[in-house]
Each structure stands twice: as C-alpha cells, then as structure tokens.
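Each chain, letter by letter, is given below.
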Amino acid sequence: MSADPNATPTKQTPITKQATTEEEIAAEQERQSSMRVLRKVAPYLWPEDMPWVRKRVVWAMIALVVSKLVTVATPFFYRDAVDALAGEGMPMFALGAISLTIAYGMARLMGVGFQQLRDAIFTRVAQRALRMLALETFNHIHRLSMRYHITRKTGGLSRIIERGVKGVEFLLRFLLFSIGPLILELIMVGVILAILFDPLYLVVVAVTIALYVWFTFAVTEWRVKLRRQMNDQDTDANQKAIDSLLNYETVKYFGAEAREAGRYDTAMAGYEVAAIKTNYSLSFLNFGQAVIITIGLVGVMIMAAIGVQNGTLTVGDFVMVNAYMIQITVPLNFLGTVYREIRQALVDMGQMFDLLEQPAEINDKPDAPELVVTGGQVRLDNVRFGYNPDREILKGVSLTAEPGQMVAIVGSTGSGKSTIGRLLFRFYDVQSGSLSIDGQDVRDITQNSLHRQIGVVPQDTVLFNDTIGYNIAYGRDGATQAEVEAAAKAAQIHDFIAALPEGYDTSVGERGLKLSGGEKQRVGIARTLLKNPPILLLDEATSALDSETEREIQDALRQAGKGRTVLTIAHRLSTIAEADTIVVLEKGEVVEQGTHDALLAQGGRYAQLWHRQQTEE
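Residues numbered from 1 in each chain as written. Predicted model: local features only at pLDDT ≥ 70, side-chain atom pairs only at ≥ 80, totals over all residues. Heavy atoms only, no water.

### Considering the overall build of the protein
When you go through the protein residue by residue, the secondary structure sums to 19 helices and ten strands. Excluding contacts between residues fewer than 6 apart, the proportion of contacts in the protein whose partners are at least 24 apart in sequence is 76%. Within the structure as shown, the protein displays about 32,300 Å² of accessible surface, and the carbon and sulfur contribution to it stands at 58%. (Helix = DSSP H or I, 4+ residues; strand = E, 2+ residues; numbered from the N terminus. Contact = heavy atoms within 4.5 Å. Areas by Shrake-Rupley, 256 points an atom, 1.4 Å probe, with all protein chains shown as cover.)

Here's what the structure looks like:
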C-alpha cells in the first residue's frame, strides 16, 4: 500500500518518542533487575556466618590469578624454543631447545591444572549456593497462599524454578571464571605487547577487542529478545503438555487426543519460529565476530612480519605474537555465548527472585503463640468472606461445635460449605467476624500449631506418587509400621493392601491413579486417623465410596471421632443423621440449625433436601 502524500509526518513523532522512552524505561528496569539479582546472589558467595565459604572463594581467586599468570608466561617458552632452534634472538631462559619445549609443555599443563584446582575449590561453594537458593524457593512456595497456587500453572512455576537455579549455576561459573579471567588476561597481554614490542600493537589489539565487544553485545541484545520469546513459547508448550498429562483421563473421556496434540503443536510451532530466528541470529553473530577477529589478527601479524623482515624482531617474537593473539581470541569467541547466557541467567534468576519476593498472604503475627487445645471447641462468629471482593461467599455465618460434638454442615452446591473448612485450616483469613478454637482466634496463633491440631479428609484425596505405606505414614512423621497398619485397619483398607502382591510397598502412581476412588479415599482416611488430631474436618469424606463401604467407613469415622470435635461437610444426608447439630447453609447464610429429627419436624429447607434424596435413593 502506498503512503498518503498528504499525510503529516509530525504525527508519527510522539509515537516514536514514546516507543523510545518505553524501550529506555524497559532497559533501565532490566539493569536495575540485574543489579538486584547480583546483590541477592552475593551473600551466598560471601556469607558472614560461614568462614569456610569465604576461605574457599579466596583460594579459588588465588588459583585463578596463578593460572592466568602461567598462561600469559607460556608463550615466552614457545618464543625462546623457536629462537633457539633458529639460532637467533636473546632467550629469556638459559635453556636448550629441548628443555624449553619441555618447559613450554609443563607451563601449559600448569595453566590447565590451576584452572581445574580453581574449579575444584569453588565447586562446593557453588553447589551450596544452589542448594540453599533452591531450598529457600521451595519453602517459600509452600508458604504462599492457596489463592496464589490456584492462579498459577504448575508447569510454568516448576520451569521458573528450574531455569532460575540453573541460572545461578551458570552465573557463578561464567561470571567469575570466564568474564573476570578474560579481562585479567586481556590486560596482561596488552601490557606485554606494549612493553616488549610497540604500543601500536596494544592500540590495534584494543581497537579489535572494542569493536568485537561492541558488535557482540549489540547483536546479543537483539538475540536476548529472541531468546526470551523462545523461552515464553517453551514455557507455554510445557504448561500445555503438563496440563494435558495431568488430565489424561479427561482427555480420553472426550476423545480429545487430537485436540490436545493440536494445542501442543500450536505452542511448539511458535517455539519453532522463535528457535529458527535465534539460530539465524547466532550464525550472523559468529560470522561477524570471525571477521573482526581475523582483521585484528592479520593486522598484528603483518606488523610482526614487517618487524622480522626489518630485523627488529625474531621469528620467535613473530610466533609469540601469534600465540598471544590466538590465546585471547579463543575465549573471545565464547564471549557472545557467555554474555547472552549471563543475560538470560539474570532474567531467569530475576523471575525466581520475583517469586521469592511474592508476599505470603497468610502470615503469623510477630511472636504468635502456639494453639493450645483444651477441649476442641470450634466457633464461627458472624464470619464474612469472599474469594473476590465483589462476590461474598459467607454472609455472617455463626456456628459452634462444642468439644466432642459432631457438627454437620449441609446445603446446596455453592452455599459455602467447603469454604468454612478452608477458613478453619487458615488457607484464607476471614474478612469480618472471627473463627476461634477454644477461644483462640486462628489469626492470632501459629499456622504450624493450627495445622497439627486439625485432621482433614478432603472430598478428593490426592496421593503422592509413592507407595501406599508412604502415603498412610505421611499422616505422622516417624510412625511405625504397626501404627500404619492399625490406621489402615481402622479405615477398612488393611485387608485390601495385604492382598496386593507388594502389600504396603505397592506404588499408587501419579496422584494415586492406580487406585480406585474409594481406595484412595480410604488411604486418605487412614492417613488422617494416623495423625490422631483433636479436631476432625471431613469434607464429604465418603462421597467416593459405595453404600456398603460407606457404612463401614462411617463406623470407623464414628469410632475415630469419639472424644474429638468433628466438623462434617456432607452432601449425602444419610451419613450425618446422627450428628449432634446440623447446620443448613443457603447462599452463604445459616437458614436452619438443629438435630436431624428437629429439622425434619420443622419441615424447612433440610426436610426438603432429605425427602428429595430419599426419593432419589
């Protein structure tokens, strides 16, 4: 389409300026983010409370400097050996050609040896930093609220952690042992060329390196943007793959294999385009670097060749100049890759530190005491709560579960039954009113002590991809095999486990998919019974069981509930007919409260639900 001749060019100026300003702002933010990352990593390399780490860093730096001194001195042996063979020059070392050649080989070996010694000394420091950062990130993720976790995609979260930890490793290895040593070596080589030959050599080398670095950084900046796009596509494809595999059964139910493959292929197509651009840009970078280096190398070698022809330099000097140029060009060839990877590592680590700086929504108050359960009374007083500010779920709910009582909470879907359980476990904080245990507001006590005192059997029990024994024993750390089996017997699942070929060592598979819904639920019940808490929260705990098994489990839960406060969230009303109190929720409000017989006699909402379920059955 041709341009409009009547168009006014001045209208484009603000857009260009705005774009430039946005780019400058983005660049400044990235610089600040990079400095923030370096500031956060530094304490892991120089911790105040670990002198052994600082000693290792110092010794690694000494080994690094010695290796560079040896490396820079090596070409002198090479020069003198050549001059000795050619019968010219004034050798620095009063040795024969054979001895100089041996010395040259030993110097090269020492240079490599000190580099490896440096790596060996520093590796424990680097691995310790990786371990501590990974552990800190892992712990922080568990501290984050449920609200954060349900809004994040697990695949993307795991990829951020994985790339962040790898970024730390790369940064420690290359920033300290590639960029730093390269700068040190360039300075020493430049000084030697200026002193032994001519300052013009230093000028040529300096200009060559300056052009090389400028070109490398400029092209790499462009490549970093392409690499970031490629990473975004990679993360997207990974999220879709994990999401699809986690929902394997659902995909099969709806015959959506082709649809899932299409979604994954679309994401991978975007990755393919970004990866192709990245590879093309790498070829351009490598060729441009080769052109600049070659021009500089040829220039210096021509100057040395002229010196040999004029008699001011020896053949050994010519060889030494060539050795120095080769010596500095080899690490320079990796500068683009190292710079790009360092930039990418800073970006990846920035994302990880963003995650670490994500505030936990639910925090313990300073010096919060531990929960002391004397009886187990659970009380909700005019509780109001909503997951979103504009949609209130609980609207002034009040109820009390006295010690040793079983209180059932019933109501239609969306009435707020499960929300009460989440507030009791303090996945969220109430927005108004209070929720207390034995008169202690759950917001005033430590979360760990609260979680120890409550046992939860959720509607959908999620198991670890481990053995049945491990999943039951998870209820109490350090439980014996006899205690695990006792809990399994109480949950009516011991006989089933004993009949399996591998018994308690049977693997349950990803999320427990090798077990049926009822078997998973009974494992979950056994796990909670093993925990032996004073307060039980049963969130539709028998919903996945058949009627016969449900009756058996109800007997087990009834026995387990003796002497405990039990809150039961139920859909099937026949399971809670013997509850001490039944609370009927409707649209986030308590509409009825009483015993089963009393509520039936009222003929209200509970009676309607009861008669409807009886008719259906």
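### Here we look at a nonpolar patch on the surface
On the surface, Ile-183, Ile-187, Val-191, Ile-195 and Leu-196 cluster together into a nonpolar patch covering about 470 Å² of accessible area. Within the secondary structure layout, Leu-196 lies in helix H5 (residues 154–196). We classify Leu-196 as partly exposed; its relative accessible area is 38%. (Patch = residues over 30% accessible without salt bridge, like charges linked within 9 Å, V, L, I, M, F, W, Y side chains within 5 Å. Salt bridge = Lys/Arg side-chain N within 4 Å of Asp/Glu carboxyl O. Buried < 20%, exposed > 50% of the residue type's maximum accessible area, 1.4 Å probe, protein only.)

### A look at helix H3 (residues 97–143)
In this model, H3 (47 residues) spans 68 Å end to end at C-alpha, consistent with the 69 Å of a helix rising 1.5 Å per residue. The sharpest bend along H3 measures roughly 40° and falls at Phe-122. (Expected span 1.5 Å × (residues − 1). Bend = angle between axes of the 7 residues up to and from the residue.)

### Things to note about the packing of helix H2 (residues 51–86) against H3
Here H2 crosses H3 at 165°, and the two axes come no closer than 8 Å. Comparing their axes, H3 and H2 come out roughly antiparallel. Handedness of the crossing formed by H2 with H3: left-handed. Of the residues belonging to the contact of H2 with H3, the class tally is 25 nonpolar, six polar and seven charged. (Axes fitted to C-alpha atoms, helices over the stretch in contact; angles between N-to-C directions. Parallel < 35°, antiparallel > 145°, perpendicular 65-115°, else oblique. Left-handed = near helix turned anticlockwise from the far one by under 90°. Nonpolar A, V, L, I, M, F, W, Y, C, P; charged D, E, K, R; others polar.)

### Digging into the UniProt feature "transmembrane region" (unreviewed entry) in the protein
Residues given the UniProt feature "transmembrane region" (unreviewed entry) here are residues 57–78, 90–107, 170–195, 201–220 and 284–306. Between the end C-alpha atoms of residues 201–220 there is a gap of 28 Å, over a span that is 100% helix and 0% strand. Across residues 284–306, the secondary structure splits into 100% helix and 0% strand, with the terminal C-alpha atoms separated by 33 Å. (UniProt positions renumbered as here; feature names shortened; annotations may be inferred.)

### Brief notes about the nonpolar core
With 31 residues, the main nonpolar core has Leu-193, Tyr-201, Val-321 and Tyr-324 as its most contacted residues. For this core, the elements supplying multiple residues, two or more each, are H2, H5, helix H6 (199–246), helix H8 (257–310) and helix H9 (315–333). Ranked by the residues each element gives to this core, the list is headed by H8, at eight residues. Setting aside residues up to four positions removed in sequence, Val-321 forms contacts with Leu-193, Phe-197, Tyr-201, Val-300, Met-301 and Ala-304. Counting residues in hydrophobic clusters, the runner-up holds 30 residues, among them Ile-393, Ile-437, Val-442 and Leu-585. (Core = buried A, V, L, I, M, F, W, Y, C linked by side-chain atoms within 4.5 Å.)

### Considering the layout of surface pockets
In this model, the second largest pocket occupies a volume close to 720 Å³. Around the second largest pocket sit 28 residues that line it, and Lys-68, Thr-71, Gln-115, Glu-185 and Gln-327 are the ones nearest its centre. Of all the secondary structure elements, the ones that give two or more residues to the lining of the second largest pocket are H2, H3, H5, H9 and helix H10 (335–356). Split into classes, the residues belonging to the lining of the second largest pocket amount to 17 nonpolar, seven polar and four charged. (1 Å grid on protein atoms, 1.4 Å probe; cavity = no way out; pocket = protein on both sides within 12 Å on 5 of 7 lines; lining within 4 Å. Points joined across faces, edges and corners; volume = space filled by probe spheres on them.)

### Some points on the sheet that holds strand E2 (residues 394–401)
The strands making up a sheet associate through hydrogen bonds between their backbones, and the pairing can be parallel or antiparallel. With respect to topology, four strands assemble into an open sheet ordered E2-E1-E4-E5, the strand pairing being antiparallel. What marks the edges here is a single partner per strand, and that holds for E2 and strand E5 (440–441). (Pairing = 2+ DSSP bridges.)

### Here we look at the sheet that holds strand E10 (residues 589–594)
Spatial ordering of the open sheet is given by E6-E7-E8-E3-E9-E10, a layout of six strands whose pairing is mixed. The open sheet has two edge strands, strand E6 (454–457) and E10, and neither has a second partner. Adjacent strand axes in the sheet meet at a mean angle of 15° when their direction is disregarded. Along the sheet, helix H16 (residues 517–531) makes contact with E6 and strand E7 (535–539), crossing E6 at roughly 175°.

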